[in-house]
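# Architecture and fold: a report
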Amino acid sequence: MSDTSTSSSTITTCKGLSKEEAQKRLAQYGPNAVQEEVPHTWLLFLLKFWAPVPWMLEATFVLEVLLGKWPEAIIILLLLLFNGVLGFTQERKAQNALALLRERLRIQARVCRDGNWRTLPAAELVPGDLVHIRVGDIVPADLHLTDGNVLVDQSALTGESMPVDCTAGSPLYSASIIRRGEASGEVTATGAKSYFGKTAELVRGAGAKSHLEELVLNIVRYLVAMDVLLVVAILAYAMIENIPLAEILPFALILLVASVPVALPATFTLATAIASLHLVHRGVLVTRLAAVEEAAAMNDLCSDKTGTLTQNVLSLSQVHPWPDIVPEDLLSMAALASDSSTQDPIDLAILQEAGQHRTTLPTRQQFVPFDPASKRSEGTFTKDGTLWRALKGSPQIIAQLCGNTDWENITAQLANTGARVLAVAAGPDGKPNFLGLLALSDPLRPDAADVVHHLQKLGVHVRMVTGDSVETAQTVAKALGIAGQVCTRDHITEDCGVYAGVFPADKFHLVQGLQKKERIVGMTGDGVNDAPALKQAEMGVAVESATDVAKAAASIVLTTPGLQGVLDAVVTGRRVYQRMLTYTLNKIVKVFQVALFLSLGFLLFRSFVVTPLLVLLLLFANDFVTMSLSEDNVRPSPQPDRWAVRTLVLSSLAIAIAWLVYIFAVYAAGRFLLLPTASVQTLDFLGLVFSGLANVFLIRERGHLWASRPGTFLSTASLVDIIIVSVLAIMGWLMAPVPWFFIAYLMVATIIYTLILDQIKVPLLRHLTTM
């Protein structure tokens, strides 16, 4: 609470629970806190090694150790550790929503115990306690008011921007904020059973499955299926030819390693991590890396209205003076009946508007703040020696005081726009004149309509979700250009464009419903009420004004006002998709090429066309250089991206067959030149490295390879890779030496062959830009 002292002028004696009874109830109901389960750090790290790709590498590592192949075993172990450490360190940036929910409840409460008022931690409150609340307090538990009246801001809970008047007999929910007045009430629910706690339980059970894991698993399935067929064929051939198992088993293991997309998880992690660093400079903080990839695939954006599409502040939207009344007089009388000391949002909005118009106000002699019983506020001043009153309040009440009967139609028209309508009157004491109506509303964010328009152009279906009325929702949706029918919580389907009058659980279930229809869902919000849906959505976005709870539940947090960050995240995500599409295509092509070359080469020539050690060097030479694709220059996709693994594999197989022809030609050239077997194996290794790098430049551009300039990092890494493997081959380090001019001829031949393949590739891969 904002003030932990107790005022004897407002709180006298009381009759609350005894200390003994409170302790019994604390044991029965538990503390007024949200319990959480915190996973151990070491367990989170070990989980990085529990997935399809790590399983295959771990099995290969064990077999290499059993066979005494220590160099190969060490290389595989380093690959495992690299993937695990990179993924773990990046994912540790994510925050725990439940931890912040508990922090939010660690406030102080004024509670009556043993007949005296005292200040206690809110966590010690129990049902039946008598609590007192004042202006600025955060309500510590669900209450039933017994006396007093307060103006309550429930926007963080319900999503409604208008504050609510609560009097004796009204319920009051935990985490609401008191804006005016003071009151006492009995605690009705605490902890997980409170309105706030139930939201926490929704957050605990929320969470979307990772589509990235599904993608990697699907790719691995195809590659392993091919690998198993090749290994079975090789083992059958070895049995027919009586080749010793000790000779063929190391080759089978290396074939397995060559078929595993070793760096695929690490490359995805690196690409999304780099993208998240770029987004930070644009006011977008990514707390769950997979959200970058999900942003590219997002079909639907369910956006909260209050505080997300609107500013969550009341402002004067319309001034409607009565005939013969000028707007300046109407505004000045409304300002006289307002006072900034009340911190009433309505008073503040009227005074701000009056200040902007430089309205001249007469000297006020007395001010009576808004009273829920009389439903009006008033200020008195002297005019021409006569005492006048300026009145502001409910149109019905003000009209009765003035004897006005012509106010209902205009009031209804203004209310249908979603505005809160007030009437203003002024005149000598006992004879006020009806001056007109004021409409107050929550204004749109300046960039909201533009962002919605651009998202719709990118193929994202934008839906508005709000706790406000149907009329308010329709007005806002029309201003933003959001199409579709308006649905209420009694009729929530996945076909609506606007959802009005919904509760937090409705938002959560709406996201789940869309996900069951295989939609990738984004959700934006700012309040506690949005937290469960933010965590459930693949891309949960907390706006800049969001509560800590919403920010913790979201996977993306905007750190600057407005919604431009949502659009930036989508465009950046689609750039990442294009980079990862290139990497995945390249990896599948190379797996097919290498695995088929090794297997067919052994079956046709009964010899290893490349040594096992050179195959492992190939992993480093190609896989980790192609990780530089994470910063390549690409164009974002025009529509939401979806990974069609079958299409990817078939397209890759067609290109792989062309590269298989190339590498067999390299092998044949080595034999034709009568090079020793070891030198032919070196030449084959260089051919695989050069063709692997050429393939990256071939498929990174869906059009002709010269249509866009590759990234500086990619170009530099490729050049360094060529220099290193060429030096190793010329010097005979880790492989048999070959003359430098053979390497030069091979490089020229690779470039010519790549240009020929480019003509075939364009019609084959162009459709991937709109998959």
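The rules behind each value
Residues numbered from 1 in each chain as written. Predicted model: local features only at pLDDT ≥ 70, side-chain atom pairs only at ≥ 80, totals over all residues. Heavy atoms only, no water. Helix = DSSP H or I, 4+ residues; strand = E, 2+ residues; numbered from the N terminus. Buried < 20%, exposed > 50% of the residue type's maximum accessible area, 1.4 Å probe, protein only. Phe/Tyr/Trp six-rings, centres within 6.5 Å; stacked < 30°, edge-to-face > 60°. Lys NZ or Arg CZ within 6 Å of the ring centre and 35° of its normal. Patch = residues over 30% accessible without salt bridge, like charges linked within 9 Å, V, L, I, M, F, W, Y side chains within 5 Å. Areas by Shrake-Rupley, 256 points an atom, 1.4 Å probe, with all protein chains shown as cover. Salt bridge = Lys/Arg side-chain N within 4 Å of Asp/Glu carboxyl O. Pairing = 2+ DSSP bridges. Axes fitted to C-alpha atoms, helices over the stretch in contact; angles between N-to-C directions.

## Quick look at unusual backbone geometry
- Despite not being glycine, lysine 375 shows a phi value in the positive range, around 55°.
- Its location among the elements puts lysine 375 in the loop between β11 (364-371) and β12 (376-383).
- A relative accessible area of 42% means that lysine 375 is categorised as partly exposed.
- Phi angles above zero are rare outside glycine, and glutamate 518 is one such case at about 65°.
- Along the polypeptide, glutamate 518 turns up in the loop between α19 (504-516) and β19 (521-525).

## Considering the environment of valine 150
- With respect to the secondary-structure elements, valine 150 resides in strand β4 (residues 142-153).
- With a relative accessible area of 1%, valine 150 lands in the buried category.
- A sequence separation of 221 residues divides valine 150 from aspartate 371, and the C-alpha atoms of the two residues are 9.7 Å apart.

## Here's the deal with the packing of aromatic side chains
- Tallying each qualifying case throughout the model produces 15 aromatic pairs.
- Geometrically, the ring pair formed by phenylalanine 597 and phenylalanine 664 is edge-to-face, given 5.1 Å between the ring centres and 80° between the ring planes. One end of the pair, phenylalanine 597, is in helix α22 (residues 564-605); the other, phenylalanine 664, is in helix α24 (residues 645-672), with 67 residues separating them in the sequence. The two residues phenylalanine 597 and phenylalanine 664 agree in class, both being buried.
- An aromatic cluster is defined as three or more aromatic residues linked by ring pairs; in this entry it consists of Phe597, Phe605, Phe664 and Tyr667.
- Its guanidinium or amino end placed over the ring of tryptophan 388, lysine 383 lies 4.4 Å from that ring's centre, counting from NZ or CZ.

## Re a nonpolar patch on the surface
- On the surface, a nonpolar cluster with roughly 1,100 Å² of combined accessible area is contributed by Leu719, Ile723, Val727, Ile730, Met731, Trp733, Leu734, Trp740, Phe741 and Tyr745.
- Among the elements that take part in the nonpolar patch, helix α26 (residues 712-731) stands out by supplying five residues, more than any other.
- You can see isoleucine 730 is positioned in helix α26.

## Looking at the sheet that holds strand β17 (residues 486-488)
- Overall, mixed pairing links the eight strands, which are arranged β8-β21-β20-β19-β9-β16-β18-β17 in an open sheet. If you trace the sheet from one side to the other, it starts and ends with β8 (284-286) and β17, each paired once. Between one strand axis and the next, the sheet turns through 20° on average, direction left out of account.
- Across two bridges, strand β16 (residues 461-465) lies against strand β18 (residues 498-500) in parallel orientation. Following the sheet pairing, methionine 464 is matched in β18 by valine 498.

## Looking at the pairing of β19
- Summarising burial for β19: five of the five residues are buried, a large majority.
- On β19, burial covers both faces: Val521, Met523 and Gly525 on one face and Gly522 and Thr524 on the other are all buried.
- Looking at chain direction, strand β9 (residues 300-304) and β19 are connected through four bridges and run parallel. What sits directly across from serine 303, in β19, is threonine 524.
- Where β19 and strand β20 (residues 539-542) come together, four bridges link them in parallel fashion. Bridging from a neighbouring strand, glycine 522 pairs with methionine 539 of β20.

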